[in-house]
Amino acid sequence: MATALELDLEKLKGSAFDRAGAAEPVLQRYHAALPKLNKAAVQLLQGLYQWQFVPITLWPFNLQDVLEDCLAVLEKGKKLNSHQRLVLDLLPTAPDEKVCAAAADHERHVQTGTYENLIKTQAKYSQNEIDIKADPELRRQWKRIKAEFDVKEFCEHKGVIRRTMCTERNLRPDFTVNLNRRHEAFQAAFDAFCLRWNLFGMQDDEPLLLKLSVNLTPFGTMIHIPAYWSFDPKRDIQWDEISKLHRVRVHGRQGPALAEGMVQGIKDVEKLRQLDREALERGLRGEKKHEFICAGLGWVPGTSPKRISRLRAKFKNKRLVAKIK
């Protein structure tokens, strides 16, 4: 029979970015610690443990680091501090299997840089890629950078050097530059080079041209159109596929008519509560109470009592009502 750890790793099998390999040590540690933890501690970690199987595309921050941090405390028989408990309490429930499956499939495309399932027109990318690779000025500028810096120092394990990533609304955590610091000077020079040639980086000596891309994030769906791209919204993008990818996280229908109906429903339920109180004060019951409530709501006397029951049930969650208000 497979162990709990083996079952966990099987769930992660095939995930992008070698998630199974990265998660194995912490999952092994988690299962080893479980028998030694009390019920309260296990319950605290449960939500965080479930997040380990969510594609990291949907992580708001490194949740594996948080699990390791919490385990380090609990393994010593200590209690989590207020900061740790706050993060665990605020972390939403892990997305369901349908959302995770869609995000995992998307991650595999992102890992290989293939967006063909979402983008129709690849010729615009290919044309510009050919142009920049044949441009002697790009080669001259790259040689200048290599003469100034040992670029291997800034490479990832695949030989890729990435420019500084932009974020939502172009709000960058660190926008300052000190050219007297070697690393910052290199990054500034490299970012300027990438801006000139519309690159997201270099791999060895090959320029990596920006693609029109669609990416899930923990907070939404981002579409990036490169500055060089002559964008045609009807011909360039598979809107049906993008909508399907985005909607997998959307619960319920939305729109002006539904919003108006929701607002009217809240008004009706508040009126209903008031009418219930008045009916109680008057000692009304049965049919007389029903007729009194229908009259107060502006409904015909023959309205089914089930309609009133459904109204009560739909808006019984006071927090939902307060949120919509």
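The shown structure was predicted, so the numbers you read here are calculated from the model rather than taken from an experiment.

Trainee: Tell me about the overall build of the protein, and name the residues and values.
Mentor: Across its full length, the protein holds 15 helices and five strands. For the protein, the C-alpha radius of gyration of 28 Å lies well beyond 20 Å, the compact-globule estimate for 325 residues. Taken across its 325 residues, the protein has 33% of its residues classed as buried. When contacts within the protein are restricted to residue pairs at least 6 apart in sequence, long-range pairs at least 24 apart make up 62% of them. For the protein, the accessible surface area stands at approximately 21400 Å², while carbon and sulfur atoms represent 54% of it. Taking the average location of the 54 positive side-chain charges in the protein and that of its 42 negative ones, the two points are 8 Å from each other.

Trainee: I'd love a proper account of the pairing of strand S4 (residues 213-217), names of residues and values included.
Mentor: The buried count for S4 comes to four of five residues, which makes it a mostly enclosed element. With five bridges connecting them, S4 and strand S5 (residues 220-224) associate as antiparallel partners. Within the sheet, the bridge partner assigned to Asn 215 lies in S5 and is Met 222. What sits between the antiparallel neighbours S4 and S5 is a turn of two residues.

Trainee: Give a detailed account of the packing of aromatic side chains, specifying residues and quantitative values.
Mentor: One pass over the structure, following the stated rule, counts ten aromatic pairs. Where Phe 149 meets Phe 186, the ring centres are 5.4 Å apart and the plane angle is 75 degrees; that geometry is what we call edge-to-face. Of this pair, Phe 149 sits in the loop between helix H8 (136-148) and strand S1 (160-162) while Phe 186 sits in helix H9 (residues 182-197); the two residues are 37 residues apart in sequence, bridging distant segments of the chain. Judged by relative accessible area, Phe 149 falls into the buried class, the value being 12%. Classification of Phe 186 by relative accessible area gives buried; the value is 0%.

Trainee: A description of the environment of Thr 167 should follow, citing residues and the corresponding values.
Mentor: Position of Thr 167 relative to the elements: it lies in the loop between S1 and H9. Remark: the alpha-carbon pair of Thr 167 and Pro 218, spanning 51 residues in sequence, is separated by 13 Å. When near neighbours in sequence (up to four residues on either side) are disregarded, Thr 167 contacts Arg 172 and Pro 173.

Trainee: Report on unusual backbone geometry, specifying residues and quantitative values.
Mentor: Non-glycine residue Phe 17 carries a positive phi angle of around 60 degrees. Position of Phe 17 relative to the elements: it lies in the loop between helix H1 (4-12) and helix H2 (19-33). Residue Asn 198 is not a glycine yet carries a positive backbone phi of 60 degrees. By the element assignment, Asn 198 lies in the loop between H9 and strand S2 (199-203). A residue is classified by how much of its surface remains accessible, and Asn 198, at 21% relative accessible area, is partly exposed.

Trainee: Go over the nonpolar core, please, and point to the residues and values.
Mentor: The biggest cluster of nonpolar side chains holds 62 residues, and the ones touching the most others in it are Leu 27, Leu 45, Leu 48, Trp 142, Phe 186, Phe 190 and Phe 193. Top contributing element to this core by residue count: helix H4 (residues 63-74), with seven residues. Every residue in contact with Leu 45, bar those within four places of it in the chain, is listed here: Tyr 30, Leu 37, Leu 67, Cys 70, Leu 71 and Leu 74.

Trainee: Explain the sheet that holds strand S3 (residues 206-209) residue by residue, including any values.
Mentor: If you walk across this open sheet you meet the three strands as S1-S2-S3, and the pairing is antiparallel. Of all strands in the sheet, those with a lone pairing partner are S1 and S3, marking the two edges. Taken over all neighbouring pairs, the strand axes of this sheet differ in orientation by 25 degrees on average, direction set aside. Here three bridges tie S1 to S2, and the two strands are oriented antiparallel to one another. By the bridge assignment for S2, Val 160 is matched with Gln 203. H9 contacts S1, S2 and S3 of the sheet and is inclined by roughly 115 degrees relative to S2.

Trainee: Kindly report on a nonpolar patch on the surface, identifying the contributing residues and their values.
Mentor: A cluster of nonpolar residues, Ile 223, Ile 225, Phe 231 and Trp 239, forms a patch on the protein surface that exposes about 330 Å² of accessible area. Within the secondary structure layout, Ile 225 lies in the loop between S5 and helix H10 (233-236). By relative accessible area, Ile 225 is classed as partly exposed at 33%.

Trainee: Can you explain the pattern of salt bridges? Please cite residues and give values.
Mentor: Overall, the coordinates contain 13 salt bridges when judged by the stated rule. Measuring nitrogen to oxygen at the nearest pair gives 2.9 Å for the salt bridge that ties Asp 236 to Lys 124. In this pair, Asp 236 sits in helix H10 while Lys 124 sits in helix H7 (residues 123-133), placing the two residues 112 residues apart along the sequence. Among the residues examined, Asp 236 registers a relative accessible area of 1% and is labelled buried. Three or more residues are tied together by salt bridges with common partners; here these are Glu 129, Lys 133, Arg 139 and Glu 206.

Conventions we followed
Throughout, residues of each chain are indexed from 1 in the direction in which the sequence is written. In keeping with the predicted nature of the model, local features appear solely for residues at pLDDT of at least 70, side-chain atom pairs appear and are counted solely at 80 or more, and the whole-chain, interface and lining totals rest on all residues. Side-chain numbers come from the whole structure's heavy atoms, not from hydrogens or water. By the criteria applied, helices consist of DSSP H or I runs no shorter than four residues and strands consist of E runs no shorter than two, each listed in order from the N terminus. With the radius of gyration taken over C-alpha atoms, the globule rule is written as 2.2 Å times the number of residues to the power 0.38. Any residue under 20% of the maximum accessible area for its type is buried, any over 50% is exposed, and the rest in between are partly exposed; the area is computed with a 1.4 Å probe on protein chains only. Contacts were defined at the residue level, with two residues in contact if any of their heavy atoms lie within 4.5 Å. Computed with the Shrake-Rupley method and a 1.4 Å probe, the accessible areas treat only the protein chains shown as cover for residues. We treat Lys and Arg as the positive residues and Asp and Glu as the negative residues; His and chain ends play no part in the count. Where a charge lies is defined by one atom per residue type, namely NZ (Lys), CZ (Arg), CG (Asp) and CD (Glu). Criterion used throughout: strands pair if DSSP finds at least two bridges between them. Aromatic rings from Phe, Tyr and Trp, with only the six-membered ring used for Trp, were paired whenever their centres fell within 6.5 Å, and each pair was classed as stacked if the ring planes differed by under 30 degrees, edge-to-face if by over 60, and tilted otherwise. The set of buried Ala, Val, Leu, Ile, Met, Phe, Trp, Tyr and Cys residues whose side-chain atoms join them within 4.5 Å is what this entry labels a nonpolar core. Comment: axis = line fitted to C-alpha atoms, over the contacting stretch for helices; angle = value between 0 and 180 degrees taken between N-to-C directions. Candidates for patches are residues over 30% relative accessible area with no salt bridge; among them, like charges are joined within 9 Å and nonpolar side chains (Val, Leu, Ile, Met, Phe, Trp, Tyr) within 5 Å. Take a side-chain nitrogen of Lys or Arg and a carboxyl oxygen of Asp or Glu: if they are within 4 Å of each other, that pair is a salt bridge.

Remember that the coordinates give geometry; whether it matters functionally is a separate question.
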